[in-house]
Amino acid sequence: MFLRRVERKKDGKVHNYWSIVENKRVAGGRVVQRHVLYLGEINSSQAAAWRKAIEVFDEDAGRPRTMALFAEDGCDVVGAGAATVQLRLSELQLRHPRQWGACWLAGQLWNELWLNRFWADRLTPSRKKTRWDEILQVLVCYRLIAPGSEWRLHREWFGNSAMADLLGGDFGLAEAHKLYACHDLLLEHKEALFSHLVGRWRDLFNVGFDVLLYDLTSTYFEVNAADLPEGTKRRHGYSRDKRPDCPQVVIALVVTPEGLPLAYEVLPGNTADSRTLRSFLASIERQYGKARRVWVMDRGVPTEAVLAEMRSSDPPVQYIVGTPKGRLNRLEKHLLDKPWQEARQGVQVKLLAEDGELYVFAQSLDRVTKERAMRRRQLKWLWTRLRQIAAMEISREELLMKLGAARSKAPAAWRLVDVVTDKHAATFTFALNRRKLRTVRRREGRYLLRTNLTDNDPALLWQHYIQLVAVEEAFKNLKGDLAIRPIFHQDERRIEAHIFIAFLAYCLQVTLTRRLHALAPGLTARSALEKFAAVQMIDVHLPTTDGREIVLTRYTQPEPDLKLLIDRLKLTLPPQQPPRITSRDLHQATRL
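Residues numbered from 1 in each chain as written. Predicted model: local features only at pLDDT ≥ 70, side-chain atom pairs only at ≥ 80, totals over all residues. Heavy atoms only, no water.

With that settled, the discussion passes to the packing of aromatic side chains. A full pass over the atoms with the stated rule returns 16 aromatic pairs. An angle of 10° between the planes, with centres 4.2 Å apart, marks the rings of tryptophan 100 and tyrosine 555 as stacked. With tryptophan 100 in the loop between β4 (93-99) and α2 (101-112) and tyrosine 555 in strand β17 (residues 549-555), this pair connects stretches of sequence that are 455 residues apart. Accessibility assignment for this pair places tryptophan 100 and tyrosine 555 in one class, buried. With a centroid separation of 6.1 Å and 70° between ring planes, the pair formed by tyrosine 214 and tryptophan 295 is classed as edge-to-face. Of the two residues, tyrosine 214 sits in strand β5 (residues 211-220) while tryptophan 295 sits in strand β8 (residues 294-297), which places them 81 residues apart along the sequence. Under the relative-accessibility criterion, tyrosine 214 is labelled buried at 0%. In this structure an aromatic cluster arises from ring pairing among Trp100, Trp104, Phe532 and Tyr555. When the ring centre of tryptophan 114 is taken as reference, the NZ or CZ atom of arginine 117 above it lies at 4.2 Å. Seen from the ring of tyrosine 264, lysine 190 lies directly overhead, with NZ or CZ sitting 4.8 Å from the centre. (Phe/Tyr/Trp six-rings, centres within 6.5 Å; stacked < 30°, edge-to-face > 60°. Helix = DSSP H or I, 4+ residues; strand = E, 2+ residues; numbered from the N terminus. Buried < 20%, exposed > 50% of the residue type's maximum accessible area, 1.4 Å probe, protein only. Lys NZ or Arg CZ within 6 Å of the ring centre and 35° of its normal.)

This part takes up the sheet that holds strand β1 (residues 2-10). With antiparallel pairing, three strands are arranged side by side in an open sheet as β1-β2-β3. Of all strands in the sheet, those bounded by a partner on one side alone are β1 and β3 (31-40). The average angle at which neighbouring strand axes cross in this sheet is 35°, direction not considered. With nine bridges joining them, β1 and strand β2 (residues 13-25) adopt antiparallel strand pairing. Paired with arginine 8 across the two strands is histidine 15, which belongs to β2. (Pairing = 2+ DSSP bridges. Axes fitted to C-alpha atoms, helices over the stretch in contact; angles between N-to-C directions.)

This next bit is on the confidence of the model for the chain. Looking at the chain, pLDDT values average 84 and 92% of them are 70 or higher. Between the elements of the chain, mean pLDDT differs from a low of 50, seen in strand β19 (residues 589-591), to a high of 96, seen in α2. When the criterion is pLDDT under 50, residues 58-75 qualifies, and its contacts beyond four places in sequence or with other chains add up to 14 contacts. Long-range and interchain partners of residues 77-82, a stretch whose pLDDT sits below 50, account for three contacts in this model, where long-range means more than four residues apart. (pLDDT = per-residue confidence, 0-100. Contact = heavy atoms within 4.5 Å.)

What follows is about a nonpolar patch on the surface. Among the surface-exposed residues, Leu89, Leu92 and Leu94 lie close enough to one another that they form a single nonpolar patch of about 250 Å² accessible area. Within the secondary structure, leucine 92 is located in the loop between α1 (44-60) and β4. Leucine 92 sits in the partly exposed class, given a relative accessible area of 38%. (Patch = residues over 30% accessible without salt bridge, like charges linked within 9 Å, V, L, I, M, F, W, Y side chains within 5 Å. Areas by Shrake-Rupley, 256 points an atom, 1.4 Å probe, with all protein chains shown as cover. Salt bridge = Lys/Arg side-chain N within 4 Å of Asp/Glu carboxyl O.)

Laid out in structure tokens, this is it:
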């Protein structure tokens, strides 16, 4: 195996991407290369660490030792006094293949966050010995590995996974009514879980909580809103999923700049963003105290009244927030005379103090190049499309439909083109609006922030704000990898419990992401889970000549690339389970 670098130019910038590649010999003596692990853009020290790991791995990898098995007609070599078992190798069977690797990795993450201890103290076994903490672990691991409905977990996934083997349980952990009943036990422990996670994030990753990122998203339900009971949180509202036809709930989330989640809240679907911050500030203050921390938010979340309260509180609540474009129009004249300051290489800022706040006008050269390339690409497509439509012989109704389709596909470019249609004929004219183009070019890669941190380094203010992408990444993972939609529950408490389970799964995912990020930014949690999922567990049945049967439950050995990843993650695979032998009379399995 070796490292391969691929150079790619995108939006005017050169990117170097790295992968681990393996040589494999095929028929005819040819050597082909197999891409085994994508690392993304890594720095020189990370590249050196991977190269060293590959070299050590290749030098030290030993060959597996072949054990001798004695068939029923070949036992003469064994001493007469030895305790022997004669096997019918011709009747060997392999049964019940099931996915083991990803389930084992999820269990390692569960234990690393000490969730096994946390839930063992709170979800105690029932009088019928139901292990609610293990059922919850099954639900969370399922949401992380192969998200779907609880009915699918019960009917299909649990039997095809090794969760029973790993937890030392049986199918009782996946009984349908227990999966749903477990949801009813969770919400009362939500605040305690948030406090527990703060301690684990601090111990595992040495993170601070002086900067908090706050944002909101929504998730919808494909149900008829008229059929919902009165007072439910499922309401019509502004849909970030482009589904205004469906009722929804709003999810408010607080994470650290590293993407580690601290708390969340489920709000009615018609809740405006600007009405959520005040209650969340009070909630965080109640739980974690009035420590000095900075809140980073996007524009539209805080109102002017809430920002005034944050400034006037004792001590003042510090914030960095994006600013609507309308305010930039008002302040642009005052900013013209201000000098540019270097925040970091490629990023410049202008500072303007006004009304007890500091406005930060930022310009990123990389962002200028990117936004300019995007605008040119969109405008080029729209111009070509308008010429094609102008050459068509179609009715006026068809013309308007095609223009509408072009507008919806390139909305930013459409605002730079003046399109005038004839009121009676199927014709139109279009021309580039150069005044608007000059305004857009002047603001590409530039944005305005406001803060009450008047004595801070502008580079630090800018760095805090761009970390908002951590919240967006959390929402992307919840809706994508963890498939928080669709929500099949009807009871409101179970809807909130479903989101709670998705939150727990995200905690496992972000823990794995942080560990992988230290190795290579291109290694994602999903790619690692898919690698581990290739390791299967299987039951090997070996009949004996005396009518009994030896059963060996074994997980398959990982491939070299997965062994390398396990080694880099500093994980140790557990020992194989001891064999069992069935009794000829009682047909019961006993450990050898």
